Number of protein chains: 4
Amino acid sequence: MSAPCHCKHGESNGITEHSQLSPDLQQQFQDSNHPANLICELCRLFYDNNWVTGTGGGISIRDVDNNPNLVYIAPSGVQKERIKPWEMFLVELPDEKVLRSPNDIPKELTKSYKYKPSACTPLFMSCYKLRDAGACIHTHSQNAVMITLLFENQKEFTISHIEQIKAIPKLEKKDGKVVKVGNLEYFDKLVIPIIENTPHEEDLTDSLQDAIESYPGCTAVLVRRHGIYVWGETVWKAKVYNEAIDYLLELAIKMKMSNIKLVTNE
Amino acid sequence: MSAPCHCKHGESNGITEHSQLSPDLQQQFQDSNHPANLICELCRLFYDNNWVTGTGGGISIRDVDNNPNLVYIAPSGVQKERIKPWEMFLVELPDEKVLRSPNDIPKELTKSYKYKPSACTPLFMSCYKLRDAGACIHTHSQNAVMITLLFENQKEFTISHIEQIKAIPKLEKKDGKVVKVGNLEYFDKLVIPIIENTPHEEDLTDSLQDAIESYPGCTAVLVRRHGIYVWGETVWKAKVYNEAIDYLLELAIKMKMSNIKLVTNE
Amino acid sequence: MSAPCHCKHGESNGITEHSQLSPDLQQQFQDSNHPANLICELCRLFYDNNWVTGTGGGISIRDVDNNPNLVYIAPSGVQKERIKPWEMFLVELPDEKVLRSPNDIPKELTKSYKYKPSACTPLFMSCYKLRDAGACIHTHSQNAVMITLLFENQKEFTISHIEQIKAIPKLEKKDGKVVKVGNLEYFDKLVIPIIENTPHEEDLTDSLQDAIESYPGCTAVLVRRHGIYVWGETVWKAKVYNEAIDYLLELAIKMKMSNIKLVTNE
Amino acid sequence: MSAPCHCKHGESNGITEHSQLSPDLQQQFQDSNHPANLICELCRLFYDNNWVTGTGGGISIRDVDNNPNLVYIAPSGVQKERIKPWEMFLVELPDEKVLRSPNDIPKELTKSYKYKPSACTPLFMSCYKLRDAGACIHTHSQNAVMITLLFENQKEFTISHIEQIKAIPKLEKKDGKVVKVGNLEYFDKLVIPIIENTPHEEDLTDSLQDAIESYPGCTAVLVRRHGIYVWGETVWKAKVYNEAIDYLLELAIKMKMSNIKLVTNE
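Calculation criteria
- Residues numbered from 1 in each chain as written.
- Chains lettered and ligands numbered in written order.
- Predicted model: local features only at pLDDT ≥ 70, side-chain atom pairs only at ≥ 80, totals over all residues.
- Heavy atoms only, no water.
- Domains from an automatic or database assignment.
- Contact = heavy atoms within 4.5 Å.
- Buried area = accessible area lost by both parts, 1.4 Å probe.
- Salt bridge = Lys/Arg side-chain N within 4 Å of Asp/Glu carboxyl O.
- Polar contact = N/O pair within 3.5 Å; in protein donor to acceptor, adjacent residues only side chain to side chain.
- Helix = DSSP H or I, 4+ residues; strand = E, 2+ residues; numbered from the N terminus.
- Pairing = 2+ DSSP bridges.
- Axes fitted to C-alpha atoms, helices over the stretch in contact; angles between N-to-C directions.
- UniProt positions renumbered as here; feature names shortened; annotations may be inferred.
- Buried < 20%, exposed > 50% of the residue type's maximum accessible area, 1.4 Å probe, protein only.
- Patch = residues over 30% accessible without salt bridge, like charges linked within 9 Å, V, L, I, M, F, W, Y side chains within 5 Å.
- Areas by Shrake-Rupley, 256 points an atom, 1.4 Å probe, with all protein chains shown as cover.
- Lys, Arg positive; Asp, Glu negative; His and termini not counted.
- Charge placed at Lys NZ, Arg CZ, Asp CG, Glu CD.

Time to look at the domain arrangement of chain A. All names here are of chain A. Entries for chain A in the domain assignment read domain 1 (18-118) and domain 2 (135-266). Summarising the inter-unit geometry, the C-alpha centres of domain 1 and domain 2 are found 26 Å apart. With 15 residues of domain 1 at the contact, the number on the domain 2 side is 15 residues. For the pairing of domain 1 and domain 2, the buried interface totals around 1200 Å² over both sides, and the portion due to carbon and sulfur atoms is 68%. At the junction of domain 1 with domain 2, the criterion picks out zero salt bridges. At the surface where domain 1 touches domain 2, the tally comes to four residue pairs in polar contact (both at pLDDT 80 or more). Residue assignment for the side of domain 1 that touches domain 2 shows that the elements contributing at least two residues are α3 (35-48) and β1 (58-63).

Residues and elements named next belong to chain C. Pairing is mixed across the open sheet formed by nine strands, whose spatial order is β4-β3-β2-β1-β5-β11-β10-β9-β6. Of all strands in the sheet, those bounded by a partner on one side alone are β4 (97-100) and β6 (156-160). Adjacent strand axes in the sheet meet at a mean angle of 25 degrees when their direction is disregarded. Note that strand β9 (residues 189-195) and strand β10 (residues 220-223) share two bridges and pair parallel. Residue pairing across strands places I195 opposite V223, the latter belonging to β10. Helix α5 (residues 121-131) rests against β1 (58-63), β2 (67-73), β3 (89-92), β5 (135-139) and β11 (227-232) of the sheet, and its axis sits at about 40 degrees to β1. Packing against the sheet, helix α8 (residues 235-257) makes contact with β1, β5, β6, β9, β10 and β11, and its axis sits at approximately 140 degrees to β11.

Quick look at the UniProt feature "domain: Class II aldolase/adducin N-terminal" (unreviewed entry) in chain A now. As recorded in UniProt, the sites labelled "domain: Class II aldolase/adducin N-terminal" (unreviewed entry) are residues 37-253 of chain A. Taken end to end, residues 37-253 of chain A is 30% helix and 28% strand, and its two terminal C-alpha atoms sit 34 Å from one another.

Here we take up the pairing of strand β3 (residues 89-92) of chain A. Residues and elements named next belong to chain A. Taken together, the four bridges between strand β2 (residues 67-73) and β3 define a ladder with antiparallel strand orientation. Across the sheet, the residue bridging to L70 is E92, located in β3. Strand direction decides the pairing type here: β3 and strand β4 (residues 97-100), joined by three bridges, are antiparallel. Looking at β4, one finds that L90 is bridged to R100. Here β3 folds back onto β4, and the loop between the two strands holds four residues, one of which, E96, carries a positive phi near 60 degrees.

What the rule picks out here adds up to 56 salt bridges over all chains. Taking the shortest distance from any N to any O, the salt bridge between E196(B) and K155(B) comes out at 3.2 Å. One end of the pair, E196(B), is in the loop between β9 (189-195) and α7 (205-214); the other, K155(B), is in the loop between α6 (142-150) and β6 (156-160), with 41 residues separating them in the sequence. By relative accessible area, which is 34% here, E196(B) ends up partly exposed. In this structure, E233(D) engages K180(D) in a salt bridge whose closest nitrogen and oxygen atoms are separated by 3.2 Å. Residue E233(D) is found in the loop between β11 (227-232) and α8 (235-257), and its partner K180(D) is found in strand β8 (residues 177-183); the two are separated by 53 residues along the sequence.

It is worth spelling out a negative patch on the surface at this point. All names here are of chain A. Together, E202, D203, D206 and D210 give the surface a local cluster of negative charge. Considering the arrangement of structural elements, one finds D206 in helix α7 (residues 205-214). Taking relative accessible area as the criterion, D206 reaches 58% and is therefore assigned exposed.

Here we come to the UniProt feature "binding site: substrate" (unreviewed entry) in chain A. Residue and element names in this part refer to chain A. Taking the UniProt record as the reference, the feature "binding site: substrate" (unreviewed entry) is found at C120. Inspection of the secondary structure assignment puts C120 in the loop between α4 (107-110) and α5 (121-131). C120 gets classed as buried once you look at its relative accessible area, which sits at 2%. Sequence-distant contacts of C120, that is, excluding residues within four places in its chain, are made with H138, E201 and Y229.

Have a look at this one:
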């Protein structure tokens, strides 16, 4: 808290901005559960967690309730905590046809900024195609980066016998498809693959897909010296998994610092 | 702070939601001190402290002011910082008869989600029955987990000669009943028993009850690799004890890291 | 941030509460700069900093703008982040006559709680009498406690050659009175005396007064295994000194952990 | 979160204050993107990050959208999280002629406080003149101070092969002028010069200018035992660079503590 709250109630600015949108978009964005609004809300939350500092990280949500072929994607290179619902790209699966681009929004709102979809887009799409995910989160969490540095020669992060593991889904391959069969148990070993970073984010696509294929039980992939990708059946599941994993990474760093083993055979 | 405050004032959403409730519930939830509202408020606070990340932790409050037999319990497996007052289970002591379930709430509000009471319920009930507590808090605080890891072979956490200890109640067994006789003094030794975790939360009940019986002076029990249970005469006392204990656990970790003894004989 | 802001605007509760006060008090508390309101505001801030967790810490403000003989004191044993302006004790110097007590406030507001002035009161009074302070802050800051543990055999905390030192006042004794002659310079050595804790807070009075007398240059006193007292010419100066000192204590702990000397002879 | 939000909506105070300003200023400050308002907003954000605790740090913004010769400068020695838009100094380049001073504002608003422009002013001006920056941020970030202490004998901070580096601009000298040619790549080495602190902030000007000249690729300069200066083409770029650099400094400290090399030759 930095002083008595500084919010601008009934902020005229906001109202003006909205009135420049088409009536259809104005109405859509009235709904605080609209995927475009949820991206804004979660980006602010992630920013406060130091997960998307600068312009890092990204998030994409499928409209699972109405039309799962519709995918909302945050733009690249903007301050994540300040994006507005009309700044999202809207693409349609399976062809990734762009249905709406923030570059089509009235210039008064966007100040003629030339938007590009998040560089993570091919990675988000991989999670949608290979896992039928409902949302995918990418952060630069320092816990994610540090764990890949502390275990610099390992290709996996593993931890067991911590209660929080029970928040992570138990996934199994059935008839060629990965399905959720419950949640991990306390004594289960959580395994998250670690892939090596590449100079360009899109070049991670192949190794991310390999990891997803090789680890049918995983709902996240760590990227060394970079961050983490986490997905889930819905945006809220993705949020919960991401939180639980970051909690476990934070704890694992403390355990490693104190020479406590991450996996026990209790 | 992630940007100028993003609150939605007079949020139409909220009003709509409320109007779907019965007039009686609508009126009850007007009172910000209603136990169901206090659970919501405290869960948001605990979330910001990283105590109930993911869907971890839980809280239960007895309506000590009006009818101490009424117990409000947060549901299991939901995001704690987002629960609403109508998502609570209301049960009546001593039979734990369910008087109201969120599964009876209009489906428009709950999106047909099938609620279960917190898995901590038998543990909360143990605190009510054995100690006549007014509220019980369960968190996955990393300080709680770390202290049980740093003292992996100990069955107790102990600390003395820290001012904050004076926030903890001094309890004594009188005529077979544990009563509060004041607060711990600066030179007193705070003792919190540590029990071993079990795969299923309800299976902790026996060992929690044993610890409560064996340590009549305790107002909290640590669960190894899991978290902590804290209770108090009222919800506010439980909150204060939980805060003070977490402060002491955080400090104890720092002291241990610096090879400073937790108990002195000054 | 735990979710879209949950504030209650035009909260009917608040208005009701106010209407139970006398018209005079209602009017006084309209002013957000009233000392009683400033105590509330700063306690919330300190709570968010983990300085007054549980019910720890305290604060007192003199009404320097209107009548410097009027002293507002937060009550003892209550949750500091939730106190209301009418819960303060108002006493008059030099006799410390109680002009107003929260115990005289309508019982509907106080729920018949029996208030006591902060146990720090004699310590606050010492700062007023010996230093003519305008406000005095007492916290249980973990940085303060840790520094007294890391330097367990020292009677002083000292640091030099850190820019933030320039926020601390330079005090000198002139004609038997301590006066501010400017601010410390970058190369000056900040010295804060450390006194030993006592079981009862009021028993710290003698050693606090001794420290204040022996260290005419100090604007703060550390209490081992307990916390810190910081005062200033006005409430804002006290806040700034307290913040700058806590910053320096936090930095000093990190320096000590990395074997970097706190005082250099550059 | 310290309790249900305590904001004062439609705060009469704020309105009164504004009404004492000239109609022209009242209108200017209606715009939340006015440089004077942005300084207030960012100072609150920086305060919450512990970057401008006490009265430390500073910020200056040029009005790049309207008249790049107009420079807004925060005042010296005030609580950064509480400054108001009318407390800024407004000067005109290149002569630094003072167009407006908070000392000319109605005394009811300023309580007759005698304002001075930030002691960083000559350093801000150096960034404007040598680099044509649009804004300059100065903080006392503990990460900045600690890195200069951990590498006490080094004149540079360097780090490579961390994804977040890609948020930093790639600058090159062309025809005697430093221009942005893109962003650093993942494998690039970020280099930030470290200059030695001086007793008086303005005496840093020469060495800051030397560093800026010697390191045409830098967008920031660390000041040993003091903090950091970061600039950018616009206020938002400066904010993003500052955040990304602080993230990297925080990570670098953790890496150093764990004996992980900051620069790799992968």
